[in-house]
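Listed here are the chains, written in short residue letters.
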Amino acid sequence: MTIRSSIRFRYRGETVELSNVGPMDTLLDWLRLDRGAMGTKEGCGEGDCGACTLAIGSLRDGHIVYEPVNACIQLLGMVDGKEIITVDDLAWGGKLHPVQSAMVDTHGSQCGFCTPGFVMSLFTLYHQGGPVDRRTVNDHIAGNLCRCTGYRPIADAALATCLGQPNDAWSARVGEATSHLADLDDDADVFVGSDAVFFAAPASEDALAALYLRHPDATLVGGATDVGLWITKQLHTLPKIIHTGRIKSLHRVAEGVDGLTIGAAATYAEAESALGGIDPDIAEMLRRLGSKQVRASGTVGGNIANGSPIGDSPPVLIVLDARLHLRRGDTERDIALEDFFIDYGKQDRSASEFVVRISVPRLADDQVFRCYKISKRFDQDISALLGAFRFTVKGGKIRDARIAYGGMAAIPKRALAAESALQGIRLKDSNAWQKALAALQQDFQPIDDMRASARYRMETAKALLTKALIEAAGEVSNRTRVVGTRGGELESVA
Amino acid sequence: MNLSPKFDAAAATAEVGRAVAHDSAARHVSGSAPYIDDMREPAGTVHLAPGHAEVAKGKIAGMDLSAVKAAPGVIAVLTASDIPGINDCSPAMGDDPILADGEVHFHGQVVFAVVAETRDQARRAAKLGKIMIDAAAPAVTVEDGEATGETVLPPYEFLRGTPDEEMDKAEHTVTGTIRIGGQEHFYLEGQVAMSVPGEGGEMLVYSSTQHPGEVQHCVAKMLGQSDATVVCECRRMGGAFGGKESQAAQWAALSALAARVTGRPAKMRLDRDDDMIMTGKRHDMRADYRVALDARGVVSAVDMNFASRCGYSADLSLGVNDRTLFHADNAYFYPHARIASQRIRTNTVSNTAFRGFGGPQGMVCAERMMDQIAILMDADPLTIRKRNFYARGRDVTPYGLKLEDNIMAALVRELEKTSEYKTRRRDIARFNKKSKVLKKGIALTPVKFGISFTLKHLNQAGALVHVYTDGSVQVNHGGTEMGQGLYIKVAQVVAEEFGIPVATVKITATTTEKVPNAAPTAASSGSDINGMAAKRAAGAIRDRMADLAAKLHQAKKSDVRFAGGKVYAGNAEMSFAELAKECFLDRISLSSTGFYSTPKITWDRNTATGRPFLYFAYGASCSEVTVDTLTGEMRINRVDIVHDVGRSLNPAIDIGQIEGGFVQGMGWLTTEELVYDDQGLLRTHAPSTYKIPTCSDVPEDFRVNLWASKGNRENTIYRSKAVGEPPLMLATSVFSAITMAIASLNKGVVPPLDAPATPEAIMRAVNAMKVEG
Ligand SMILES: Cc1cc2nc3c(=O)[nH]c(=O)nc-3n(C[C@H](O)[C@H](O)[C@H](O)COP(=O)(O)OP(=O)(O)OC[C@H]3O[C@@H](n4cnc5c(N)ncnc54)[C@H](O)[C@@H]3O)c2cc1C
Ligand code: FES
Ligand code: FES
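Residues numbered from 1 in each chain as written. Chains lettered and ligands numbered in written order. Predicted model: local features only at pLDDT ≥ 70, side-chain atom pairs only at ≥ 80, totals over all residues.

Right, let's talk about the site of ligand 1 for a bit. Residues and elements named next belong to chain A. Around ligand 1, the surrounding shell holds 30 residues, and the nearest of these are Gly-222, Gly-223, Gly-302, Asn-303 and Ala-305. No other element matches the four residues that helix α13 (residues 300–305) contributes to the shell around ligand 1. A per-class count over the shell around ligand 1 returns eleven nonpolar, 16 polar and three charged. Here the shell around ligand 1 spans two domains, since at least three of its residues come from each of domain 1 (3–88 + 173–243) and domain 3 (252–479). (Near = placed C-beta within 6 Å. Helix = DSSP H or I, 4+ residues; strand = E, 2+ residues; numbered from the N terminus. Nonpolar A, V, L, I, M, F, W, Y, C, P; charged D, E, K, R; others polar. Domains from an automatic or database assignment.)

For the rest of this paragraph, the subject is the domain arrangement of chain A. All names here are of chain A. What the domain assignment reports for chain A is domain 1 (3–88 + 173–243), domain 2 (93–167) and domain 3 (252–479). The C-alpha centroid of domain 2 is placed 25 Å from the C-alpha centroid of domain 1. On the domain 2 side, the residues contacting the 15 residues of domain 1 number 13 residues. In terms of residue class, the side of domain 1 that touches domain 2 is made up of eight nonpolar, five polar and two charged. (Contact = placed C-beta atoms within 7 Å.)

Right, let's get into the interface of chain B and chain A. The partner chain A presents 66 residues to the 71 residues of chain B that form the contact. When residues of the side of chain B that touches chain A are traced back to their parent elements, those giving at least two are α1 (25–30), α3 (119–126), α8 (272–278), β25 (615–628), β26 (634–643), α17 (651–669) and α19 (759–772) of chain B. In terms of residue class, the side of chain B that touches chain A is built from 29 nonpolar, 24 polar and 18 charged.

All names here are of chain B. Taken as a whole, chain B is organised into domain 1 (404–450 + 613–773) and domain 2 (460–597). Each of domain 1 and domain 2 has a C-alpha centre, and these two points are 40 Å apart. Of the residues that constitute the side of domain 1 that touches domain 2, the class distribution is six nonpolar, five polar and one charged.

What follows deals with helix α16 (residues 576–585) of chain B. Residue and element names in this part refer to chain B. Within the sequence span of α16, burial applies to Phe-576, Leu-579, Ala-580 and Cys-583. One face of α16 carries all of its buried residues, which in axial projection span an arc of 105°. In this fold, the buried residues of α16 make contact with β17 (460–467), α14 (486–498), α15 (526–552), β22 (566–569) and β23 (572–575). Phi for Arg-587, located one or two positions after α16, is positive at around 60°. (Buried ≥ 20, exposed ≤ 12 C-beta atoms within 10 Å, placed from the backbone. Arc of directions from axis to C-beta.)

For the rest of this paragraph, the subject is the confidence of the model for chain A. A residue-level look at chain A finds 98% of positions with pLDDT of 70 or above and a mean pLDDT of 96. Across residues 490–494 of chain A, confidence stays below pLDDT 50; counting only partners more than four residues off in sequence or on other chains, it has nine contacts. (pLDDT = per-residue confidence, 0-100.)

Residue and element names in this part refer to chain B. As summarised here, the arrangement of the five strands in space is β7-β15-β14-β13-β8, forming an open sheet in which the pairing is mixed. Every interior strand has two partners, whereas the edge strands, β7 (151–160) and β8 (172–180), have only one. Adjacent strand axes in the sheet meet at a mean angle of 10° when their direction is disregarded. When β8 meets strand β13 (residues 285–293), the two strands line up antiparallel, connected through nine bridges. In the sheet register, Thr-175 faces β13, and the bridge partner there is Arg-290. (Pairing = 2+ DSSP bridges. Axes fitted to C-alpha atoms, helices over the stretch in contact; angles between N-to-C directions.)

Right, let's talk about the pairing of β22(B) for a bit. Residues and elements named next belong to chain B. Residues Val-567 and Ala-569 line the buried face of β22, whereas the alternating positions Lys-566 and Tyr-568 sit on a face that is not buried. Direction of pairing for strand β21 (residues 560–563) relative to β22: antiparallel, over a ladder of four bridges. The residue of β22 that forms the bridge with Arg-561 is Tyr-568. Once β21 ends, the chain turns through two residues before running back antiparallel as β22, passing Gly-564 with a positive phi of about 55°. In the sheet, β22 pairs with β23 via four bridges, with the strands oriented antiparallel. Counted as the bridge partner of Tyr-568 is Glu-573 from β23. Connecting the antiparallel pair β22 and β23 is a turn made up of two residues, with Gly-570 showing a positive phi of about 60°.

Listed below in structure tokens is the structure:
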């Protein structure tokens, strides 16, 4: 394999090649401090406000796709092979871009500090090729905070411009841009730096396995939506970074009849239609996981590997009986996902071992699935708790129940006592549910923190199980939910 | 959504009243509007990061900063002893050290500041400081503070009549308590300042501040030199909301100190977490009240007490808590009243100004009282509200001001109709009967907000206008631009005065060099007072120009007109630029200052008499919500607003203020929760844990209309009304609607809902309903 000791990307109509990239350099700092491109702002430095949003173009199946990315937590090396577009360069030939003019026309900026980020989010929405409605717009800008406007004019700007086929300087030069990115698309292993301090982005699983074996102390990075914050917020020193994003096989999302497999480096954006296809509640969970920006970079693999007790996908995947495929050197193994989580900060993963892929079975015809995310704010918030439920129902009776929660213990964890209490009961017998609700108290001793009290967590864990049972027993979800109602129902809540 | 504002189209103005875009709109959307961190740094600029101790209270026993000093890139480590002048950045009381000296009073208080070649180096080095503290138990909550008995300021109250006697003889009394949370400003641009040292001790300070004059003063005091040697400039802020009124000074002072110590330009931009830990927020309060009323729910007396968490120092707590009292009546007449406030000292960051400046807390309590009365009487809360409105003969506030401009009844009548309040309330009652899990609520609440600084001397403004010989105009005033559109409104006023297009008026950065001793841009007064000052400045120049035009064309001065970029004198016409040129040749000054002091303000705090406000801004909103009674999740279905801005200077800007203010208030009362642990550490110090509204929280059905006003009764700038703060309080209708949704669970029981109404707070109230039932 060839090794490339530089990163290359497209910026301002040129190919930029950098051979002196620190493992902890962020894209935002490179723009502002190195290039003096000051349009992109820093509002939080942790991926939560969207002020630093820019557009990244990548090739997907030979087509260029523009996605919004938080530059504050994107490592510079991660943009290898991509195109970067920032607000500074959006006006073309002295004319504002349609989304920019619309933002002026609707009075979409007040203090203006959030505006560059919104403009870039809208630019990527514009390039999705609408038409859009308010819900789509809401989802698309959920990762952009504005403290001044109240959002209405910004949403109006989106509704006025994101109508269909894009027609701007980028759509006019899409062929050219595509071929530039195709030219950058080599299969070299990127390694910038020295053996002590480096940014590496191997191009194959084998190369990754070998490199990680050599550097067990390196930090693996998928989308850096966690690791980025270790750098910008916790100010950790991470001298060795291995980015998995260049490995095409790890991006693969394969859909089979019985289930799917998701490569560890597949972003949420890449995985969401397949994963969300299993059940509408999963699509809704993914819609509310982070923001468009977070989902454009963040990976399902990272969500599992970080071992967080409040990650949203693990409880869902555990309930679905997902399996995790791990590799160390040349050795592969696979385990049930629930066995991966041992204790807080402790997973069944040895040094130099990495997640390769996750396989997720589909639901059987006699299985009912539900999951609910509870957070202070609906969009782009970390869960106070999340409950996932799968009931196998035969002849009106629950034959099998799988229940898992996030936010209720030090790890994403199954509610074994509640599960067994439901075994064999009649689904519609709400008196029989009580034992299971009470059993949750044996299953969990949640904690108090800034997101919720232990008491609320416990009480709401019960409420979510109740809700899942009510719905499984036939109640339509627009009578039981204020958000994320499942499609195909009679009347709407609002 | 209905955006066509109804405003008086009959008014014959060309630029004033037009929906002109924000002056920086095109630059905002292009990323080419520079904020302080975007300015080209002068060569050699150094960067600062603050260091703090990990405890909330204690004596500083010692410090080991050797690792900080030895860290890569570090040039200096500043501590209190480096300050040549006075170590204070408080707005008045002298109780806010720039760098802690001897003691730490809250978690996040800055003890030292690192100066390094890069910001990253400074931040990383700051982590290495070791501060040894003899820790003491902190007073964190209002109740902790009550237990210690310490206050930052003496209590204050309004007393009218004999509330205690009225309570005794009343047909009914109700009592209650509500906790009202604080609020983080979350301006998108964090605190930032850059200081550039000059000759002879001069210091040029770029600061993101609502009060350049105070930054100038603080820096001068800190350096031990005169105000005249320090210049503070601010072109724009990326949001402020009160959070950069007094809170900007500390970072400006530290950057100036670093500039002095190193002789190099110095910049300090706070990291978001530091910003949230180290700067003040909206005061959170516990309000306890007793109300006497008759059988129709008409209030005869109130006894209200607001226990306010002020934090460790006074900051602006005097004015803030006074304003709580001024607005504890909201729109309601209290014949007998005791309205009191306790300014409690706690070991938390010193709370400060925030849009509404204490008023919102007073109003939330008033609205809770109305809801409670209605629930207990099984009446429509709107009926109870109307019965208690100020009206003829019932029009004197508890602080003795006679309302002269009260339009509340008419405004609410209109909103009641356009929002279809009655029918929807009926439909909701029907829905709630059928629906088990989900419950809806609707509420229509008023806002009456007093305009003027209650600190009388702040009601003044200056402006400076220049006309150049090519006819171009430059305007400057003491007000700052934080997104509220002040600059464009003032430019419109100046353009109107000269009869020229607003696009030809050059707006310039606010600087203490051009307009000295300016008041903070606060209390919603920005366009009222700066607009008036600029009008006077421009008017003085126009007057001189008109004299010459009359002379040149043998016309009567009264026949000289300025319009459309031209000047008409009798039958003659010339361009504005030609006349400017003629003035120059005739040696007539084309520059003028303008000054304005708000008339009629006579408030005397010591005697609690006189008039604190020139006028009131009015508004009302109607919100409908759905609550999930299993989880406490809540969704807003629809919001209708009618708001009074007098004769709007710029309806687009005003609508923006109304919508933005409403959404900010909605966040305050719903998702925005500040959580301190029992050691006084703020646990919600980043957007990951502190949740301001996102786009999807704003209902798609959001109908905002301007009240069809004939203009402010008072002679304000073009008869407009201030709009910055009042709309925030329109969001009380959301809180009341949630209260009503929960109340539907158990007739006659008042939900003990506290603000913010997070899912957890809603569930606490829901559970209490079950218990009571
Ligand atoms: C603003 C914001 C909002 C968020 N909201 C949510 C939310 O709503 N719900 C939620 O669950 N999470 C949320 N997160 C957290 C985060 O986005 C997710 O956990 C994400 O899935 C992490 O993926 P990543 O690829 O970015 O991980 P990285 O940051 O790249 O890595 C995370 C961890 O996984 C390890 N890792 C990565 N890939 C591998 C691999 N192949 N093998 C072994 N280890 C690996 C890394 O070493 C690291 O320890 C949010 C984050 C941000 C910044
Ligand atoms: S700066 Fe807030 S998301 Fe990047
Ligand atoms: S315009 Fe100020 S934050 Fe959006």
